[in-house]
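# Descriptive structure summary
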Amino acid sequence: MDWITIISTTVKAAINVETVLYALAAIGINVHFGYTGLLNFGQAAFMGVAGYGLAVTVTVLGLPFWVGVIVGLISAVIMAILLGIPTLHLRADYLAIVTIAAAEIVRLVFRSVQFKSVFGGSDGRRGFTDGFYALNPFPEGNYGFNLGPVPLFFNSRSMWVLTVGWLLIALCCGLVYLLMKSPWGRVLKAIREDEDAVRSLGKSVFSYKMQSLILGGVIGCLGGFIYGLAYGSVQPDVFGTETTFYLYTMVILGGAARVLGPVVGAMLFWVLLVLLNGVLSEAVGAGVITFIDTNQAGALRYVLVGLGLILLLIFRPQGIFGDKREIAIDAR
Amino acid sequence: MNGAKIAVTTEDGQAVEEVTTNAEGSWTVQVDKPGKYKVTLDVSSLPQNAEVRGGSNVRTPTVYEGNCSAVLYALQPKGAANQDQAAGGGESPFWTQAAQLTFEGLNLGLIIALAALGLSLIYGTTGLTNFAHGELVTLGAILAYAFNIGFGLHLIPAAVIAVIVAGILGYLQDRLFWGQLRRRGTGTIAMMIISIGVALFLRYVFLIFFGGQTEAYAQYTAQPGVEIGPISAAPKNFVAMGIELAVLIIVGFALLRTRTGKAARAVADNPALAASSGINVDRVIRIIWAGGGAIAALSGILLGLSQNLKYTMGQDILLLIFAGVTLGGLGTAFGALVGSLAVGLFIQVSTLWVPPELKSVGALAVLIIVLLVRPQGILGRRERIG
């Protein structure tokens, strides 16, 4: 078994592109679910409209990269408003179902043959990242170091995406930290604890929930940009409901209603997933494990994700950093 | 027509496959991607005395994800006039198509209703929004497949065994898992997220054992269609509808007339009040889990019969089940029935105007709009749910 490769990919997974984009989207979920108590199961759609907003603006309309980013951000805000108007009056479980339905509508429209000329059908769109990589300050080459025998290197493109991504994560975490300390953030937490009490104090609950939905949606949509830029393409099925479910796993793993919870959750999630993948596929390849093949080993990882989510919620619902008193998930 | 050559190419002329029709004159080509395709019938491969009605031997069907698209060549004796076309068209094609789609919609609606009934009752009695219910549907289909192909049983006994096993598994699931969680005082939102974990867990267990490919049962796969009035469908669809209706009537009757059924509705209405009036709530919930698991499995088997089996088949239909349940009003048994039929009918009939790949979009959009106007659903009780 090739332990050097396994260790190298695992260590890199802690800061790699998947971690960055899922961490951003998870920070958004944390604003919705952790702080405001909104069960938004449509986060993948926010990533989707942002990624597609950028891709379609650049490839179909031929506009510059920055216009695409602005279009993506605006579409995320519009999506939040459209999603919020019918759903924010609903009870938590209705909200969950309706947001999933809305996210599926978005995905099905993106992949439809009908709109293939705009969204590119199930192949998606590619070729919109030149504007972004033109700004790359890193010259060609590999960056990193050897940790003993283990090489840890990223190429210049990854370095640029990772730099931007981690800067965005730092900015978002700072923003969430400051906002949640402010009176505005305290109203959000109060809505999570007891909506009627907040209403009786004369606050417009609907308006606060809407602001939270927009904020979390915009933070989440940054994850969609990072996806599109890092992989150079967007496909509809990346933004399916399972993505949202993994995001929830990360938020709960790290600890909901904690500023760094989703970031740590995303890092741990991907480190564990990549480690499992490496060990399992190597073990199958080397004939150590003989009762499953490589494809089944890939599926086994997600069996373990499901099992992990179950055990986490049963035995440690507050995650790693969470406070059990604060994250009484069921007070809603 | 045996032995006719048919070539399938993509829109821009890339060859996909060439096939030859079998003894019944049918043929299938698997294509990888949805999109427009060009189908050409090699006229020279037809018997000497036959020609294609209408003259054109090229068809350009649009193939949508997960659906098959039928391409038909009507043949006629060479030289026959085209008058029989006019003779056959006494009814306008729109209404024929509408009737056909209504039938298919009812079929889909009944399958959804079977699954939705269990989901709705479980929600009503335990407050659990079970995201793993779609996997119970898949479980039924895969169990039947295992007995059907693995043990070589005929599909009918295999289906009966699968439904029984699924019912037992449903019972055990509540006995060993959900019931324990309720006793621990796990709240509804936490249980909802746990059910997501269960769904992921089961889905990928199915992937490990079943694989990622699509499969069909050994029997009743390719049945020639029969025509009844304007509707043409394989006989298995009529039988499936009969089974669905019978089961729904039996379940509805049981809910209305039997002691356990009344107790179930009482628990769904108000668990605390039901418990204080001497109903054994835990026992009722376990019966509902067993029954719900069994009929969800049945709906999976029937779904596998009318489409194909895949490890994501339950996940794919889950949102439609939720749409039906929510439309009818969460927690009401008959609301789930009405809502599911509405969803099934809407999905199929809307394809008269909407492209088939977007039919689910319409149904989900209707769900959102109905909730705007009537947040408690069609048959739900008026109460504050905001």
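Conventions adopted
Residues numbered from 1 in each chain as written. Chains lettered and ligands numbered in written order. Predicted model: local features only at pLDDT ≥ 70, side-chain atom pairs only at ≥ 80, totals over all residues. Helix = DSSP H or I, 4+ residues; strand = E, 2+ residues; numbered from the N terminus. Buried ≥ 20, exposed ≤ 12 C-beta atoms within 10 Å, placed from the backbone. Contact = placed C-beta atoms within 7 Å. Rg over C-alpha atoms; globule rule 2.2 N^0.38 Å. Axes fitted to C-alpha atoms, helices over the stretch in contact; angles between N-to-C directions. Parallel < 35°, antiparallel > 145°, perpendicular 65-115°, else oblique. Left-handed = near helix turned anticlockwise from the far one by under 90°. Nonpolar A, V, L, I, M, F, W, Y, C, P; charged D, E, K, R; others polar. Expected span 1.5 Å × (residues − 1). Pairing = 2+ DSSP bridges.

To continue, consider the overall build of chain B. Counting its secondary structure elements, chain B contains 12 helices and 9 strands. Here chain B holds 386 residues, and the buried ones make up 43% of them. Pairs at least 24 apart in sequence give 71% of the contacts found in chain B among residues at least 6 apart.

What follows is about the overall build of chain A. In terms of regular secondary structure, chain A is built from 14 helices and 4 strands. Computed over the C-alpha atoms, the radius of gyration of chain A is 20 Å, within 12% of the 20 Å expected from 2.2 N^0.38 for a compact globule of 332 residues. Taken over the C-alpha atoms alone, chain A extends approximately 65 × 50 × 35 Å along its principal axes. Within the span of chain A, comprising 332 residues, buried residues form 50% of the whole. Put simply, of all contacts in chain A between residues at least 6 apart along the chain, 74% involve residues at least 24 apart.

What follows covers the packing of helix α12 (residues 241–254) of chain A against helix α13 (residues 261–285) of chain A. Residue and element names in this part refer to chain A. Following both chains from N to C, one finds α12 and α13 inclined at 115 degrees, their axes separated by 7 Å at the closest point. Classified by the angle between their axes, α12 and α13 sit roughly perpendicular to one another. α13 is crossed by α12, and the crossing has right-handed handedness. For the pair α12 and α13, the contacting residues are Thr249, Met250, Val251, Leu253 and Gly254 in the first and Gly261, Pro262, Val263, Val264, Gly265, Ala266, Leu268 and Phe269 in the second. Its residues placed into classes, the contact of α12 with α13 shows 9 nonpolar, 4 polar and no charged.

The next point concerns helix α11 (residues 205–231) of chain A. All names here are of chain A. Counted at 1.5 Å a residue, the expected span for α11 with its 27 residues is 39 Å, and the 39 Å between its end C-alpha atoms agrees. Across the 27 residues that make up α11, a large majority, 20, are buried. Among the residues trailing α11, Gly232 stands out with phi positive, at a value near 70 degrees.

Attention now goes to the interface of chain B and chain A. Counting residues at the interface gives 42 residues for chain B and 42 residues for chain A. Contributing elements (two or more residues each) for the side of chain B that touches chain A: α5 (188–210), α10 (313–328) and α12 (359–373) of chain B. Counting residues per element, the side of chain B that touches chain A draws most heavily on α5(B), at 15 residues. Class assignment for the residues of the side of chain B that touches chain A results in 30 nonpolar, 9 polar and 3 charged.

Residue and element names in this part refer to chain A. Secondary-structure assignment places Ser8 in helix α1 (residues 3–13). Residue classification places Ser8 among the buried positions, given that 20 C-beta atoms sit within 10 Å. Sequence-wise, Ser8 and Gln318 are 310 residues apart; in three dimensions their C-alpha atoms are separated by 31 Å.

To continue, consider the environment of A:Thr294. All names here are of chain A. With respect to the secondary-structure elements, Thr294 resides in helix α14 (residues 294–315). Judged by local crowding, Thr294 falls into the exposed class, with 10 C-beta atoms found within 10 Å. Leaving out residues up to four positions away in the same chain, Thr294 has contacts with Ser281 and Val284.

With that out of the way, let us pick up the pairing of strand β2 (residues 142–147) of chain A. Residue and element names in this part refer to chain A. Of all 6 residues that make up β2, 0 are buried, and the element is exposed over most of its length. Sheet analysis places β2 next to strand β3 (residues 150–155), joined by 6 bridges and oriented antiparallel. Opposite Asn146, over in β3, you have Pro151 as the bridge partner.

Keep in mind that these numbers describe shape and distance, not what the molecule does.
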